[in-house]
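Inside the fold
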Amino acid sequence: MHNINNLLRQIPKVDELLFHTTLALLASGTVLTQGIREVLDDLRRDIKEGRVDTLPCCDALAEKVAVRLREFNRPNLQRMINGTGIILHTNLGRAPLATEALNAIEDVARDYSNLEYCIKNGERSSRHVHIEKLITHLTGAEAAMVVNNNAAAVLLALSAVEQKDIIVSRGELVEIGGSFRVPDVLAQSGCRLVEVGTTNKTHTYDYERAIEPDLTGALLRVHTSNFIMSGFVAKPGLSELAYIAANHSIPLIEDLGSGCLVNLARYGIHGQPVVADSIKAGVDIVTFSGDKLLGGPQAGIVAGRAKWIAKMKAHPLARAMRIDKLCLAALEATLRLYHEPETAVEKIPTLRMLCESPGMLLEKAQMLKEQLATSGGHKIIVVAGASLAGGGAMPEEGLATATVAINAGISARALELHFRMGAVPIIGRISRDMFMLDVRTIDVEDFRHIASRLQEV
Ligand SMILES: *Cc1c(COP(=O)(O)O)cnc(C)c1O
């Protein structure tokens with residue numbers, strides 16, 4: 001007890017640490033005082049509870065404060081290096097943006113803009129005009145609008161139907177992840193869900209029999225994204241559904257999820273639904289995300305018949321879901337890159353990563369291996385692996401890739417933690433007690449960060 005009281009008395013005053021040289025460079029004012037107080041409070045508690053029996057010197061305490069201040073000064077939302085090989089990872093912010101999109105954001109963010117102003121007439125205008133023509137041009141739709149994400153786009157489309165029955169196949173009543181469940185969104189729109197067919201098979205006659213004049217508001221088709229059924233399965237083609245809908249003068253709505261704007265078959269990417277194909281098949285309202293395969297900012301894009309888009313633009317919910325100007329700027333710049341599919345694949349990071357050839361990836365992995373080898377003493381090998389598109393696109397199809405596996409003489413778990421906790425967090429995977437980095441999702445510019453972090457092991 002005597003020793004504890006003695007130690008408590010010897011704890012330095014806040015003022016004694018305030019002018020410590022280590023700290024003066026890091027912070028000042030209340031942030032500094034608060035940091036020092038917290039460290040001294042911790043020390044006081046540790047002494048009282050018997051965890052400390054000799055007083056740390058002032059330098060040691062200052063270092064503790066410095067660690068706290070560095071932590072405090074670091075932004076919570078920060079950039080990371082994605083070595084998982086998952087191109088569209090919702091937890092990691094989905095699509096990284098093209099330089100053109102970043103420049104557009106900066107221009108519009110720094111100054112005033114014509115967000116809702118017509119320069120030609122000097123009058124009020126709509127924010128949709130900036131992207132509508134671009135989208136109709138790329139999809140063949142009559143009209144288009146954008147809201148803040150695809151979940152909002154689906155809700156708005158269903159709300160435009162005005163509280164009627166919506167017919168959906170049982171096989172499409174899925175949960176996409178992040179709590180987007182088709183039945184729940186449908187309920188929120190005030191519509192009633194009418195399930196047809198079975199989990200594995202739904203036929204055209206199932207839809208037809210369920211339609212009731214005046215009660216049925218729309219047919220809904222949902223892309224099941226990260227959920228796959230195979231074997232004894234069947235569903236009508238889009239144009240068959242569109243035909244039924246048109247016959248009964250109701251719209252066919254399609255939630256395409258990760259809608260693609262160009263066909264990537266010539267880059268070896270198959271089976272990804274293209275928005276223009278849905279419009280061509282006769283879908284009345286298509287919705288898809290801006291930050292999945294499209295490779296733009298978070299946004300929900302709606303394309304389709306002018307009559308329905310006009311209704312959605314005028315709906316009170318549209319105001320609550322409206323896209324912000326920075327996303328709009330980034331989206332417009334990204335859409336402009338789609339005028340030439342080659343340009344899109346070259347300049348839009350998601351498409352570039354998706355279409356990267358196995359040969360190029362192998363070369364990239366060799367390059368990373370060589371950079372890492374300069375720190376010496378570690379076992380580094382290049383191994384074949386599989387990347388994933390993510391974002392609900394091509395859930396099962398792995399893309400052949402090259403991975404750099406690192407063994408730094410500590411456990412893979414410890415190494416994973418070491419990379420994750422660096423100044424720029426680096427995320428990878430663990431396989432067979434090796435820490436693995438898939439080069440597909442890593443920018444060559446970032447190799448030096450990985451090398452210097454490995455040196456710090
Ligand atoms: C991803 C997805 C959504 C949700 O889109 P957000 O842009 O994340 O709101 C809705 N439907 C489908 C089919 C999806 O794949």
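Presented here is a report on the structure given in the accompanying data block. All residue numbers here refer to positions counted from 1 along the written sequence of the relevant chain. Where local features are concerned, this predicted model is filtered to residues with pLDDT of at least 70; where side-chain atom pairs are given and counted, the filter is 80 or more; whole-chain, interface and lining totals use all residues. With hydrogens and water excluded, all non-hydrogen atoms of the structure serve as input to the side-chain values.

Let's talk about the packing of helix 1 (residues 2-10) against helix 4 (residues 29-48)
As a reminder, the rule being used: To get an axis, a line is fitted to the C-alpha atoms, and for a helix only the part in contact is used. The angle between two axes follows their N-to-C directions and goes from 0 to 180 degrees. Helix and strand definitions here come from DSSP, where helices need a minimum of 4 consecutive H or I residues and strands a minimum of 2 consecutive E residues; each element is numbered from the N-terminal end. Each angle is binned into one of four classes, with values under 35 degrees roughly parallel, values over 145 roughly antiparallel, values of 65 to 115 roughly perpendicular, and all other values oblique. Here, residues are in contact when the closest pair of their heavy atoms is within 4.5 Å. Charged residues are taken to be Asp, Glu, Lys and Arg, nonpolar residues to be Ala, Val, Leu, Ile, Met, Phe, Trp, Tyr, Cys and Pro, and polar residues to be all remaining types, Gly included.
The contact between helix 1 and helix 4 brings their axes to 9 Å, and the two run at 170°. Taken together, the axes of helix 1 and helix 4 lie roughly antiparallel to each other. Between helix 1, through Ile4, Leu7 and Leu8, and helix 4, the contact on the second element is made entirely by Arg44, Ile47 and Lys48. Its residues assigned to classes, the contact of helix 1 with helix 4 shows four nonpolar, no polar and two charged.

Brief notes about a nonpolar patch on the surface
Cut-off, in case you're wondering: Each patch is built from residues that are more than 30% exposed by relative accessible area and take part in no salt bridge. Like charges join if they lie within 9 Å; nonpolar side chains (Val, Leu, Ile, Met, Phe, Trp, Tyr) join within 5 Å. To be clear on the numbers: accessible area is Shrake-Rupley with a 1.4 Å probe, and residue cover counts the displayed protein chains and nothing else. Take a side-chain nitrogen of Lys or Arg and a carboxyl oxygen of Asp or Glu: if they are within 4 Å of each other, that pair is a salt bridge. The rule is simple: take the accessible area with a 1.4 Å probe, protein chains only, and divide by the maximum for that residue type; under 20% is buried, over 50% is exposed, in between is partly exposed.
Together, Phe227, Met229 and Val233 line one region of the surface with nonpolar side chains, adding up to about 220 Å² of accessible area. For Phe227, the position within the fold is in the loop between strand 8 (216-222) and helix 11 (238-247). Judged by its relative accessible area of 36%, Phe227 is partly exposed.

A closer look at helix 8 (residues 150-160)
This is how the line gets drawn: Within 3.5 Å is the distance limit for a polar contact, defined as a pair of N or O atoms, with the added protein rule that one can donate a hydrogen and the other accept it, and that residues adjacent in sequence qualify only through two side-chain atoms.
In terms of burial, helix 8 is a largely internal element, ten of the eleven residues being buried. Among the residues of helix 8, Asn150, Ala152, Ala153, Val154, Leu155, Leu156, Ala157, Leu158, Ser159 and Ala160 are the ones counted as buried. With a side-chain oxygen lying 3.4 Å from the backbone nitrogen of Ala151, the N-terminal cap of helix 8 falls on Asn149.

Details of the side chain of Thr202
Tracing the backbone through its elements, the reader meets Thr202 in the loop between strand 7 (192-196) and helix 10 (204-210). Relative accessible area serves as the criterion here: at 2%, Thr202 is assigned to the buried category. A distance of 2.7 Å separates polar atoms of two side chains, one belonging to Thr202 and the other to Ser169. Those residues in contact with Thr202, other than ones at most four positions away along the chain, are Ser169, Arg170, Val196, Gly197, Tyr207, Ala234, Lys235 and Pro236.

A closer look at the pairing of strand 11 (residues 300-304)
Consecutive residues of a regular strand have side chains that alternate between opposite faces of the sheet. Operational definition: When DSSP finds two or more bridges between a pair of strands, those strands are recorded as paired.
Within strand 11, five of the five residues are buried, which leaves the element mostly enclosed by the surrounding structure. Burial along strand 11 is two-sided: Gly300, Val302 and Gly304 and Ile301 and Ala303, pointing in opposite directions, are all buried. Across five bridges, strand 5 (residues 143-147) lies against strand 11 in antiparallel orientation. Looking at strand 11, one finds that Ala144 is bridged to Ala303. Across five bridges, strand 10 (residues 285-289) lies against strand 11 in antiparallel orientation.

Comments concerning the state of the cysteines
This is how the line gets drawn: Defined by distance alone, a disulfide is two cysteine sulfur atoms within 2.5 Å.
Applying the stated rule across the entire model yields zero disulfides. With no disulfide partner, Cys58 has as its closest neighbouring cysteine sulfur the one in Cys57, 7.3 Å distant. On the basis of relative accessible area, Cys58 is assigned to the partly exposed category, the value being 31%. Left unpaired, Cys355 is separated from the closest cysteine sulfur, that of Cys260, by 8.5 Å.

Re the nonpolar core
Condition: For our purposes a nonpolar core is just a set of buried Ala, Val, Leu, Ile, Met, Phe, Trp, Tyr and Cys residues, chained together by side-chain atoms within 4.5 Å. Marked domain ranges trace back to an automatic or database domain assignment.
Core analysis: the largest hydrophobic core is formed by 59 residues, its most contacted members being Leu219, Leu264, Leu331, Leu335, Tyr338 and Leu354. A per-element tally of this core places helix 11 first, with five residues. Shared between two domains, this core takes at least three residues from each, and those domains are domain 2 (81-89 + 353-455) and domain 3 (99-347). Not counting the four nearest positions on each side in its chain, Leu335 is found in contact with Ile131, Leu134, Ile135, Leu138, Leu261 and Leu294.

In short, geometric facts, not functional conclusions.
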